[in-house]
Amino acid sequence: GVDISAIGASGAILGLVGVLAVLIPKQKVLLFFVIPMPLWVLGILLVLLVIINPQLGGVTVGHIAHLGGFIAGAIYGAYLVMKYPQKVKMLRQVYN
């Protein structure tokens, strides 16, 4: 195979999805600007896509970065939930 380097912010974007999926899981988002779903469902779909896409012969650039970004974001979100439960409760009242 050919080794290529890539640079981008998509791992960070998945990190944001991970943290928000933990902090405000019921917040509705639009997939492709059309399909409404809660953030936690979007998170699961994105992780499945990252895992399944290389198996189907899709582009494999950055999948580990995407998965790592989501996992790091979800872990940080869980930390925030434990560290600041009152603030997370207020956040969920506004966005859920």
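See the structure above.
So, here's what we can say about the structure. Treat the numbers as computed from the prediction; the structure is a model and nothing was measured. (Residues numbered from 1 in each chain as written. Predicted model: local features only at pLDDT ≥ 70, side-chain atom pairs only at ≥ 80, totals over all residues. Heavy atoms only, no water.)

Here's the deal with a nonpolar patch on the surface
Quick reminder of the rule: Patch definition: residues with relative accessible area over 30% and no salt bridge; like charges joined within 9 Å; nonpolar side chains (Val, Leu, Ile, Met, Phe, Trp, Tyr) joined within 5 Å. Only the protein chains shown count as cover for residues, and the accessible areas themselves come from Shrake-Rupley with a 1.4 Å probe. Salt bridge, as used here, is a side-chain nitrogen of Lys or Arg placed within 4 Å of a carboxyl oxygen of Asp or Glu. Secondary structure counts use DSSP, requiring at least four H or I residues in a row for a helix and at least two E residues in a row for a strand, with both numbered from the N terminus. Each residue is placed in one exposure class: buried if its accessible area under a 1.4 Å probe, protein chains only, is under 20% of its type's maximum, exposed if it is over 50%, and partly exposed if it falls in between.
Nonpolar side chains collect at one region of the surface, where Trp40, Ile44, Leu45, Leu48, Ile51 and Ile52 lie side by side and expose about 540 Å² of accessible area between them. Inspection of the secondary structure assignment puts Ile52 in helix H2 (residues 39–52). Since its relative accessible area comes to 39%, Ile52 is described here as partly exposed.

Overview of the packing of H2 against helix H3 (residues 63–83)
The test is simple: Axis definition: a line fitted to C-alpha atoms, limited for helices to the stretch in contact. Angles are taken between N-to-C directions and run from 0 to 180 degrees. Oblique is the label for any angle not covered by the other classes, which are roughly parallel (under 35 degrees), roughly antiparallel (over 145) and roughly perpendicular (65 to 115). The sense of a crossing depends on the near helix, which, turned anticlockwise from the far helix by less than a right angle, makes the crossing left-handed and, turned clockwise, makes it right-handed. In what follows, a contact means two residues having at least one pair of non-hydrogen atoms within 4.5 Å. The residue classification treats Ala, Val, Leu, Ile, Met, Phe, Trp, Tyr, Cys and Pro as nonpolar and Asp, Glu, Lys and Arg as charged. All others, Gly included, are polar.
The N-to-C vectors of H2 and H3 enclose an angle of 155 degrees; their axes lie 9 Å apart at closest approach. As far as their axial angle goes, H3 and H2 are roughly antiparallel. Note that H2 runs across H3; the crossing there is left-handed. Every residue of H3 that contacts H2 at Gly43, Val47 and Val50 is listed here: His63, His66, Leu67 and Phe70. In the contact of H2 with H3, the residues fall into four nonpolar, three polar and no charged.

A short note on H3
Quick reminder: α-helices carry 3.6 residues per turn. Residues three or four places apart thus point the same way. Rules: One less than the number of residues in a helix, times 1.5 Å, gives the span that helix is expected to have. The directions considered for the arc are those from the helix axis to the C-beta atoms.
In this model, H3 (21 residues) spans 30 Å end to end at C-alpha, consistent with the 30 Å of a helix rising 1.5 Å per residue. Turning to H3, its buried residues number three or more, namely His63, His66, Gly69, Phe70, Gly73, Ala74, Gly77 and Leu80. Burial along H3 is one-sided: seen end-on, the buried residues are contained in an arc of 130 degrees. Those residues of H3 that are exposed and aimed more than 90 degrees away from the buried face are Ile64, Ile75 and Met82.

Overview of the side chain of His66
The criterion, for reference: Distance and chemistry together define a polar contact, namely a pair of N or O atoms within 3.5 Å, with one atom able to donate a hydrogen and the other to accept it when in protein, and with adjacent residues in sequence counting only for side-chain atoms on both sides.
With respect to the helices, strands and loops of the structure, His66 is situated in helix H3. Given the relative accessible area of 16%, His66 is considered buried. A distance of 2.6 Å separates the side chain of His66 from the side chain of Ser10, its partner in a polar contact.

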